[in-house]
Amino acid sequence: SSAASDVYKRQGKDNVALKAGSGINIMHPLYSNWGEDTLPPTASNNTAEISISESRVYMGERSLRIKATGDNAWVFFGETTTDYNIPIVPRSKWIISAYVYLGKPDGTNPKTVENVQLYTRSSDDTYKRKTFSIPFQKFVRISFVADYSDNDSTAMIVRADNDSYN
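Numbers given for residues are sequential positions, taken from 1 along each chain in its written order. Local features in a predicted model are, by the rule used here, given only for residues with pLDDT of at least 70; side-chain atom pairs are given and counted only at 80 or more, and totals for whole chains, interfaces and linings are based on all residues. Excluded from the side-chain calculations are hydrogens and water; all other atoms, namely the structure's heavy atoms, are used.

J.: Can you help me understand a nonpolar patch on the surface in this one?
T.: The grouping of Tyr 58, Met 59 and Tyr 99 at the surface amounts to a nonpolar patch, some 330 Å² of accessible area in total. Put simply, DSSP H or I for four residues or longer makes a helix, DSSP E for two residues or longer makes a strand, and each gets a number counted from the N terminus. In this structure, Tyr 99 sits in strand β6 (residues 92-101). Partly exposed describes any residue whose relative accessible area lies between the buried limit of under 20% and the exposed limit of over 50%, with all areas from a 1.4 Å probe on protein chains only and scaled to the type maximum. Residue class for Tyr 99 comes out partly exposed when judged on its relative accessible area of 34%. Residues forming no salt bridge and having over 30% relative accessible area are the ones grouped into patches, like charges within 9 Å of each other and nonpolar side chains (Val, Leu, Ile, Met, Phe, Trp, Tyr) within 5 Å. In this description, accessible areas are obtained by the Shrake-Rupley approach with a 1.4 Å probe, and a residue is regarded as covered only by the protein chains that are shown. A pairing counts as a salt bridge when a side-chain nitrogen of Lys or Arg comes within 4 Å of a carboxyl oxygen of Asp or Glu.

J.: Just to check I follow, could you spell out the environment of Lys 104 for this structure?
T.: The residue Lys 104 is located in the loop between β6 and β7 (116-122) in this model. Taking the C-alpha atoms as reference points, Lys 104 and Gln 137, 33 residues apart in sequence, are found 6.2 Å from one another.

J.: Sorry if this is basic, but what is going on with the pairing of β7 here?
T.: Residues in a regular strand point their side chains to alternate faces of the sheet. Burial analysis of β7 places seven of its seven residues in the buried class, which makes it a mostly covered element. Of the two faces of β7, the one carrying Val 116, Leu 118, Thr 120 and Ser 122 and the one carrying Gln 117, Tyr 119 and Arg 121 are both buried. Pairing between strands is defined by DSSP: at least two bridges between them are needed. Direction of pairing for β7 relative to strand β8 (residues 127-132): antiparallel, over a ladder of six bridges. Residue pairing across strands places Leu 118 opposite Lys 130, the latter belonging to β8. Connecting β7 to the next strand, β8, in antiparallel fashion are four residues, including Asp 125 with a positive phi near 70°. Both β7 and strand β10 (residues 155-162) contribute to a ladder of seven bridges, which runs antiparallel.

J.: Looking at this structure, I do not really get unusual backbone geometry. What am I missing?
T.: Only a minority of non-glycine residues have a phi that is not negative, and only a minority of peptide bonds are not trans. One non-glycine residue, Asp 125, lies in positive phi territory at about 70°. Mapped onto the fold, Asp 125 is located in the loop between β7 and β8. Of note in this structure, Gln 137 is not a glycine but carries a positive phi near 60°. Mapped onto the secondary structure, Gln 137 falls in the loop between β8 and β9 (139-148).

Set out below in structure tokens:
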């Protein structure tokens, strides 16, 4: 297994302290503060180049960079697209948010509207998502409510899409 995967397991994928309702952020710290030198386990498609950045940061010392080399660049914050690594209380609503920065476009025909998407999938394969129009070269906080109030799932995974081609 990779070093990042070992850290992910050691820091508590199943740690009771990380269970839903125990704090402000229910995402695993590896996927919310980007504090490690290496990427945590992620699943992405072939149009997403994923790396840790220390040059473009809103909070802390690092951020995740998702460079879109084509249309529909996405990354799931888990080892696989079905690594439901966020424990949730069934029949609840969850606020999904992120600070997003789109750099100067270097691809052809960059999208200027509907260019970023936040997405969740619960363990029963129910999807919730919202698409945003983000300006280039400016930090923007995006958020939406993932309403699972009619759902008995006990876990979910989060995905981010960079559809801007940059």
